[in-house]
Amino acid sequence: MTENTKKKVIKWFWILLTAPFAFLFLLLLLVALFAKLPSFEELEHPDSKLATQVISADGVVLSTFHIENRTYIGYDELSPYLVQAAVATEDARFYRHAGIDMKGLGRVAVKTILLRDSSQGGGSTITQQLAKTLYPRSENPGKISLVWTKLKEWITAIRLERDYTKNEIIAMYLNSIFFGGNAYGVKAAAETFFNKSPLDLSLEESAMLVGMVNKPTRYNPVLNPDKALQRRNFVIGQMARNGYISKAVRDSVQALPIITDYHLMDHNSGLAPYFRDMLRRDMHAGKPRRSAYSLKEDYAADSLRWETDELYGWLQKNRKPDGSQYNLDKDGLRIYTTIHSKMQINAEQAVAEHLGGYLQQQFSRELKWKRNPPFANDIDQKTADRLMGQARRWSDRYRMGRKAGLDDKEILSQFSKPVKMRVFSWKKKGYADTTMTPDDSIRYYKSIMRAGFVAIEPVTGYIRAYVGGPNYRYFKYDNVSQAKRQVGSTIKPFLYTLAMQEGMTPCDRVVCMPQTFTNWDGSEWTPRSTDKEEWIGKTVTLKWGLANSSNNISAYLMKQFGPKAMARMMHMMGIHSFLDEVNPLCVGAADISLFEMVAAYNTFPSRGVYVTPQYVLRIEDNQGNVLGDFSTTCREAISASSAYLMANLMQGVVNEGTGRRLRYAYKLEGQIAGKTGTTNDCSDGWFIGYTPTITAGAWVGGEDRQIHFNSLDGSRMALPIWGIWMQKCLQDGVLRDDENFLSPAGFSVELDCSAGGRFLGGTEEDEVRESANNQEKDYYFN
């Protein structure tokens with residue numbers, strides 16, 4: 001071989017050797033110059049679908065609004081085990097390369113091309129996997145498209161390594177992963193599978209999550225526990241192999257079983273689901289249109305909210321800097337609410353304990369004696385058929401049938417055919433798998449008692465707890481703010497407030513006699529009262545009248561002041577629902593929401609000031625910038641003296657009257673004022689009570705008013721929820737019972753009704769108290 005030939009051989013050797021690298025460099029240069037690469041913001045947040053967090057006043061994330069349940073966290077919020085497991089399993093040379101691991105690529109190329117071993121995968125680094133999230137691939141991409149995308153990923157990986165630290169990259173990577181179970185990102189995964197934060201994950205828990213990265217369904221510990229265990233132990237082995245843990249630790253941890261605390265994070269789960277639903281409705285609200293309202297009072301109330309409440313319609317009223325609308329499911333907002341997580345937990349538990357325990361058992365026993373269950377025996381067949389027909393047409397089955405093009409006859413015929421289904425149950429699982437006809441399922445669900453509970457803080461108006469029903473997954477209707485039910489005797493404090501405003505006092509005496517009203521058409525109406533016969537004609541105090549919910553005394557006051565004055569007083573105290581200005585208003589002939597009633601009662605411990613309920617403090621974007629600060633509005637509704645007099649009157653209800661079950665059954669001490677209420681036929685049971693530091697109310701009833709108990713009143717239907725909740729709050733220390741209602745400056749009214757007579761107004765104290773105790777056994781039409 002001549003010298004010249006040798007030179008040519010060497011020349012072509014180096015040309016052939018360097019040509020691929022030169023070609024690759026040229027391609028990378030072309031991609032860098034002409035391809036659309038992500039911005040710094042996109043690099044830092046590879047996916048724009050960020051969950052909006054709803055956060056309690058004490059810093060607990062109640063749940064999220066999301067399409068993908070993803071919340072970004074920083075490196076300092078990660079368990080060290082998470083980082084070690086991810087590096088050991090996914091990219092052992094992570095800290096030694098600059099985004100592309102050439103050594104790893106060479107190893108994969110040799111084994112794949114020469115040894116035809118494809119088990120080595122693509123040799124992608126963690127940085128490349130992060131970059132890959134920016135370039136979604138179609139199912140069957142062409143070779144040119146695939147190469148072009150891969151080159152863009154390489155350039156992006158290099159940019160990531162240049163602009164971010166290794167710690168920032170590993171955090172972004174763990175935030176970008178889908179872990180299954182609707183968990184996007186490691187924060188959602190830790191909460192879903194272990195009910196804890198990523199920082200608190202143990203070694204074995206961290207290894208399990210990292211093991212799910214490549215195949216989240218295959219290695220899901222809930223769906224495939226055996227495969228998940230094998231994969232977790234493989235990750236633990238990799239951690240030992242790379243020097244993060246010793247062999248002894250590896251062996252001991254691999255022997256541990258997988259223990260999860262699985263909580264599927266969807267819109268049905270998490271704390272305060274009814275509250276979150278109400279929050280979403282209010283933020284999405286549009287400007288009210290008169291045609292959408294059947295009652296002008298509701299239209300007027302919402303129109304006023306639109307003008308004065310910044311939160312109502314917030315998504316319509318506010319825009320991003322680029323002019324687009326905010327999206328609760330994608331923009332990663334942080335909504336800081338007034339809900340107190342412990343009070344909320346206690347409220348949900350109180351509703352479940354009472355409804356799922358004594359109350360539902362009691363109603364189920366009564367169902368056995370109903371001719372057309374769950375409807376009461378006095379309900380005619382035509383009414384029952386109407387209610388059943390309405391329920392069928394409101395069902396998902398009916399809507400799906402209509403969507404499929406079926407006619408009514410075809411759809412309705414399906415309701416009598418047995419099918420397998422999962423239904424709500426008060427049992428431990430919360431559901432039961434059974435076979436029944438859709439018609440029977442409608443009757444079954446109608447037989448489940450409904451409830452609502454809300455707690456509002458005096459003076460601030462902060463909503464601290466909100467429960468709209470027995471279980472949000474199965475019962476979406478909100479019985480706190482959406483439902484309006486007849487209020488029964490809980491309306492009476494408004495009439496007594498009017499009396500206090502007009503100069504009367506709790507110890508003023510009146511004769512307990514039936515009162516007859518003449519209607520506009522000349523007919524007469526005499527409200528029925530449950531007062532004992534021996535009380536008729538006797539002189540009693542107003543305190544006795546409210547404590548024992550006497551319709552005779554309420555009717556007497558109505559004669560003094562009239563329905564217009566009573567309705568005006570109720571509106572002053574925050575009731576915006578329609579009120580028919582007729583005499584039966586004095587005994588509860590009005591449909592009002594629990595939300596309105598509790599907010600109005602909150603005027604009493606707020607010393608006469610009506611405070612608009614507030615449930616959001618501020619809203620921030622995903623960078624922590626404040627988008628909105630919120631405050632409540634307040635106005636004087638009644639005098640401070642009247643509010644204090646009413647506190648005294650309503651303490652009589654709890655100490656001596658229809659609400660005294662709080663004392664002897666729930667052992668509650670301290671100053672408590674309140675009022676029970678029961679409507680005709682026991683369709684609705686109410687109790688609203690307050691202390692110097694909290695106002696709370698409970699309502700219980702059937703889905704339809706034609707579904708009700710035979711004889712239970714508000715003290716047994718609703719009051720126990722209040723009592724259980726207060727017990728729990730006192731035990732947790734979130735509420736106290738050692739504070740008293742403060743009298744206004746210069747207050748000089750005598751409140752000891754025994755001065756110059758007995759407490760209840762009779763002549764023999766023992767006889768009076770005996771009669772009052774016996775009244776609890778009676779059925780109250782109040």
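Our subject is the structure that appears above.
These notes cover the structure that comes with them. (Residues numbered from 1 in each chain as written. Predicted model: local features only at pLDDT ≥ 70, side-chain atom pairs only at ≥ 80, totals over all residues. Heavy atoms only, no water.)

## Some thoughts on the overall build of the protein
For the protein, the count of helices and strands is 29 helices and 20 strands. A separation of at least 24 residues holds for 70% of the contacts in the protein among residues at least 6 apart in sequence. Looking at the protein as shown, the accessible area adds up to about 36500 Å², and 52% of this sits on carbon and sulfur atoms. (Helix = DSSP H or I, 4+ residues; strand = E, 2+ residues; numbered from the N terminus. Contact = heavy atoms within 4.5 Å. Areas by Shrake-Rupley, 256 points an atom, 1.4 Å probe, with all protein chains shown as cover.)

## A closer look at the state of the cysteines
Counted under the stated rule, the structure contains 1 disulfide. The side chain of Cys-507 participates in a disulfide bridge whose partner is Cys-753; the two sulfur atoms lie 2.1 Å from each other. Judged by the torsion about the S-S bond (-90 degrees), the Cys-507/Cys-753 disulfide is left-handed. Taken together, the residues span a long stretch of sequence, with Cys-507 in the loop between α20 (492–501) and β9 (509–511) and Cys-753 in the loop between α28 (719–732) and α29 (765–775) at a distance of 246 residues. Note on Cys-507: relative accessible area 17%, which makes it buried. The class for Cys-753 is buried, based on a relative accessible area of 2%. (Disulfide = S-S within 2.5 Å. Buried < 20%, exposed > 50% of the residue type's maximum accessible area, 1.4 Å probe, protein only.)

## Here's the deal with the side chain of Gln-651
Residue position: Gln-651 is located in helix α25 (residues 640–656). Apart from residues no more than four positions distant in its own chain, Gln-651 is found in contact with Gln-671, Ile-672, Ala-673 and Phe-741.

## Some thoughts on the sheet that holds strand β15 (residues 616–620)
Reading across from one edge, β2-β1-β3-β15-β16 is the order of the 5 strands in this open sheet, with mixed pairing throughout. Lying at the two open borders of the sheet, with one neighbouring strand each, are β2 (61–65) and β16 (626–629). Pairwise comparison of adjacent strand axes, ignoring direction, gives a mean angle of 15 degrees for this sheet. Where strand β3 (residues 334–337) lies against β15, 4 bridges are found, and the strand directions are antiparallel. Looking at β15, one finds that Arg-334 is bridged to Glu-620. (Pairing = 2+ DSSP bridges. Axes fitted to C-alpha atoms, helices over the stretch in contact; angles between N-to-C directions.)

## Thoughts on the sheet that holds strand β20 (residues 695–701)
Strand order in the open sheet formed by 5 strands is β7-β6-β20-β19-β18, and the pairing between neighbours is antiparallel. Edge positions in the open sheet fall to β7 (463–467) and β18 (673–678), since each of these has one partner strand only. Along the sheet, successive strands turn relative to each other by an average axial angle of 5 degrees, direction set aside. With 7 bridges joining them, strand β6 (residues 450–456) and β20 adopt antiparallel strand pairing. Bridge pairing in β20 links Arg-450 to Gly-701. In the packing of helix α24 (residues 594–601) onto the sheet, the strands contacted are β6, β7, β18, β19 (684–690) and β20, and the crossing angle to β20 comes to about 150 degrees.

## Here we look at the packing of aromatic side chains
Under the counting rule described, the total for this entry stands at 23 aromatic pairs. Measuring from ring centre to ring centre gives 5.5 Å for Phe-193 and Tyr-262, while their planes differ by 50 degrees; the resulting arrangement is tilted. Here Phe-193 is found in helix α8 (residues 186–194), whereas its partner Tyr-262 is found in the loop between α11 (247–254) and α12 (273–284), with 69 residues between them in sequence. Taking relative accessible area as the criterion, Tyr-262 reaches 32% and is therefore assigned partly exposed. Grouped by ring-pair contacts, the aromatic residues Phe-424, Trp-426, Tyr-444, Tyr-445, Tyr-474 and Phe-475 constitute a single cluster. Positioned above the aromatic ring of Phe-517 is the side chain of Lys-559, whose terminal nitrogen or guanidinium carbon lies 5.6 Å from the ring centre. In this structure, Arg-618 is placed above the aromatic ring of Tyr-336, and the distance from its NZ or CZ to the ring centre is 3.9 Å. (Phe/Tyr/Trp six-rings, centres within 6.5 Å; stacked < 30°, edge-to-face > 60°. Lys NZ or Arg CZ within 6 Å of the ring centre and 35° of its normal.)

## Focus on the environment of Asp-737
With respect to the helices and strands, Asp-737 occurs in the loop between α28 and α29. Taking the C-alpha atoms as reference points, Asp-737 and Glu-669, 68 residues apart in sequence, are found 6.6 Å from one another. Ignoring sequence-local partners within four residues, the contact set of Asp-737 consists of Glu-669, Gly-670 and Leu-730.

## Points about the pairing of β16
As paired elements, β15 and β16 share 3 bridges and run antiparallel to each other. Each bridged residue has a counterpart across the sheet, and for Glu-620 the counterpart in β16 is Val-626. The turn linking β15 back onto β16 is made up of 5 residues, and Gly-624 within it adopts a positive phi angle of 90 degrees.

## Observations concerning the environment of Glu-366
With respect to the element layout, Glu-366 can be found in helix α15 (residues 341–367). The spatial distance from the C-alpha of Glu-366 to the C-alpha of His-708 is 9.5 Å, given a sequence separation of 342 residues. If we skip the residues at most four places from it in the chain, Glu-366 touches His-708, Phe-709, Asn-710 and Ser-711.

## A few points about the packing of helix α16 (residues 381–394) against helix α19 (residues 438–446)
Contact pair α16 / α19: the axes reach a minimum separation of 11 Å and the direction vectors enclose 105 degrees. Taken as axis vectors, α16 and α19 run roughly perpendicular relative to one another. Side by side, α16 and α19 meet where Leu-387, Met-388, Ala-391 and Arg-392 of the first sit next to Asp-439, Ile-442, Arg-443 and Lys-446 of the second. Grouping the amino acids of the contact of α16 with α19 by side-chain chemistry returns 4 nonpolar, no polar and 4 charged. (Parallel < 35°, antiparallel > 145°, perpendicular 65-115°, else oblique. Nonpolar A, V, L, I, M, F, W, Y, C, P; charged D, E, K, R; others polar.)

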